[in-house]
Amino acid sequence: MNYKVKNIYGKTGNGKIYVSVPGSKSITARALLISALADGESTLKGVQFSDDCLTFLNCLKTLGVNCGVDGTTVKIIGCGGKLKCNKAEINVGSAGTAARFLPAFLAFQNGEYKLNCSEQMKNRPIAPLIKTLKSLGAKFEFSERENSYPFIIRGTASPVCETAVDINESSQFLSALLISSVCARRKFKIITNGSHGLDYVNMTCKMATSFGAEVKKSGYCFFVSGGYRAREYEIEPDVSAACYFYAMNKILGTDISVGGITSDSLQGDIKFIEILKNFDGGKIDMREFSDQTLTLSAVAPYLNNPTEICGVEHIRKQECDRISAIVHNLIAMGVRCEERSDGVKIYPSNPKPAKINAFGDHRVAMSFALTGLRADGIEIENAEVCSKTFKEYFTVLDEVCGKLTEK
C-alpha cells in the first residue's frame, strides 16, 4: 500500500491534542523472555502486538512456554530457566530482538533447536553473539553462511560462567546474555568489548532486577546472579513511537502530547524528545538513541541551521542501510545533504514532491511521512512495513491530522 501524505502546514488549530501509542516493543520483548524464565505465572499488561512482538511470543509458545493472551494482557507460566522442550524449530522472521535474545536463551538449554528467519535477517549482525555463545559451550550448525542465520543450536546444561562479548554492532548482544545468564544458576561474569550506547542495556538491567535477579556493573564487566520471580508488570508506552508525534510539533508548531510518556522512562529515546524541544540544527551524536536518526532526518530540512548527525554507523546494518536510505530519499525530495560514514549532514531546504522508498524498513516509512506534513506531493511506498512495530501508525497519523485541522 502507498500512503499519500497531506500537507497540513498552516492549516492547524492551536488546541492541545492527546495521542495514544502501543506499549514499548523493547520492554515487551524483555518482559516476555524474563517472564518465560521466571518461577511462577507473570501477568504483563500493556503488551505491544506488533509483528516483531507477535513473532517473539509465538517462538516462546513453540518452545513450550505456556502463554495466554487477553487483549493487551499476557499471562506467562515461566519454566524456571529450564525448558521441558529439548527439540524444536522456530522462526524469528525479521524480529531483531528475537533473533538475538532467543539464541542466548537456547544456549543455556540442554537441547537441539533449529532457528529460521526472513531473508532480511540473514544479513543482520549476529556473529559476535554466536562467538560468545560458542565460548559458553553451545554448538552451532549453519545451514547457509558461517556465523549467520539460519542455524541449529545445541545448548549446554553446564555453561562456562565467564565470557566476553563485542557490542560494537549491537547492544542487544549484551542484553541477550544479561537476561538469560540466570539459567546458569551460578554467578555469571560478562566482559564487554567495543563501544555502543548502553541505554537499552540499562533498561535490561533494571527490568532483570525488578523481576528479582541481581545485576551489578563494574567498569566493563557485568555480574549476574539469582533468578526471576513471577510478578505483575505494566509495560510503558513506546517512546520510539511517541517520538514521531513530538517531531510533528517541531515541524508544524502544534501541541501534541502522548499519554503515559514520562521523563523517568526506562527507554533511552526519551532523551530525543527533550533534545528536540530546543534543537534548531548543529552537530548531534545520536548513538544513544539511534532509532531516532531517521526521525531527525525527516525534521532537519525545516530547521534554521544545518543538522549534522554522527555516531550512528551501526544503523547501516539494521533493517536496511539506514544512512543510505536517508540520503536516497532526501535527494529524491530535493533536499541538500551529505552522506558520512557514521551519519549525514542535512541542510535547510524546501522538500519537493517525491515517492519515498521505504527499503522494507518501518522507520523509513514512518519518519518521512512527517516531512510530507509540510510539503506537497510526498508519497510513502509500501507503507504497510510499519506493522513491524506500529501496525496502526498511518491510521493514527490520519486521526491526529484530522483533529489538528478540524474547524
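Provided above is the structure to which this section pertains.
Being a predicted model, the structure only gives us computed values, none of them experimental.

## Some thoughts on the packing of aromatic side chains
Item 1. Tallying each qualifying case throughout the model produces 13 aromatic pairs.
Item 2. Joined through ring pairs, the aromatic side chains of Y3, Y244, F245, F390, Y393 and F394 make up one cluster.
Item 3. Over the face of the ring belonging to F211 we find R231, whose NZ or CZ atom lies 5.6 Å from the ring centre.
Item 4. Taking the ring centre of Y9 as reference, the NZ or CZ of R374 above it sits at 4.1 Å.

## Digging into the pairing of strand β13 (residues 221-225)
Item 1. Pairing analysis gives 4 bridges linking strand β11 (residues 188-193) to β13, with the strands arranged antiparallel. By the bridge assignment for β13, K189 is matched with F223.
Item 2. Pairing of strand β12 (residues 214-218) with β13, which is carried by 5 bridges, proceeds in the antiparallel orientation. Counterpart to K216 in the pairing with β13 is F223.

## Considerations on the pattern of salt bridges
Side-chain pairing between opposite charges can occur once the charged atoms of the two side chains come close.
Item 1. This model, assessed by the stated rule, comprises 26 salt bridges.
Item 2. E338 is the partner of R340 in a salt bridge, and the nearest nitrogen-oxygen pair spans 2.8 Å.
Item 3. Through salt bridges with shared partners, one network takes in K25, D52, R124, D291, E319, R322, D361, R363 and K388.

## Thoughts on the sheet that holds β13
Item 1. Here 4 strands make up an open sheet; going across it, the order is β10-β11-β13-β12 and the pairing mixed. Each edge of the open sheet is held by one strand with a lone partner, namely β10 (162-166) and β12. The average undirected angle you get between the axes of adjacent strands in this sheet is 20°.

## Notes on the side chain of T97
Item 1. With respect to the helices and strands, T97 occurs in helix α3 (residues 96-107).
Item 2. Given a relative accessible area of 9%, T97 falls into the buried group.
Item 3. Setting aside its immediate chain neighbours within four residues, T97 contacts K25, A29, F56 and Q172.

## Let's talk about helix α6 (residues 199-210)
Item 1. Along its 12 residues, α6 runs 17 Å from first to last C-alpha, staying within 8% of the 16 Å computed at 1.5 Å per residue.
Item 2. What α6 keeps buried is the set D199, Y200, V201, M203, T204, C205, M207 and A208.
Item 3. In the segment just after α6, G212 is the residue with positive phi, at about 110°.

## Digging into the sheet that holds strand β5 (residues 73-77)
Item 1. Pairing is mixed across the open sheet formed by 4 strands, whose spatial order is β4-β5-β3-β14. Whereas interior strands pair on both sides, the edge strands pair on one side only; in this sheet they are β4 (66-70) and β14 (232-234). Adjacent strand axes in the sheet meet at a mean angle of 15° when their direction is disregarded.
Item 2. Looking at chain direction, strand β3 (residues 41-45) and β5 are connected through 4 bridges and run antiparallel. From the neighbouring strand, E41 faces β5, where its bridge partner is I77.
Item 3. Set on the sheet, helix α2 (residues 51-62) makes contact with β4 and β5; between it and β4 the angle comes to about 140°.

Basis of the calculations
- Residues numbered from 1 in each chain as written.
- Predicted model: local features only at pLDDT ≥ 70, side-chain atom pairs only at ≥ 80, totals over all residues.
- Heavy atoms only, no water.
- Phe/Tyr/Trp six-rings, centres within 6.5 Å; stacked < 30°, edge-to-face > 60°.
- Lys NZ or Arg CZ within 6 Å of the ring centre and 35° of its normal.
- Pairing = 2+ DSSP bridges.
- Helix = DSSP H or I, 4+ residues; strand = E, 2+ residues; numbered from the N terminus.
- Salt bridge = Lys/Arg side-chain N within 4 Å of Asp/Glu carboxyl O.
- Axes fitted to C-alpha atoms, helices over the stretch in contact; angles between N-to-C directions.
- Buried < 20%, exposed > 50% of the residue type's maximum accessible area, 1.4 Å probe, protein only.
- Contact = heavy atoms within 4.5 Å.
- Expected span 1.5 Å × (residues − 1).

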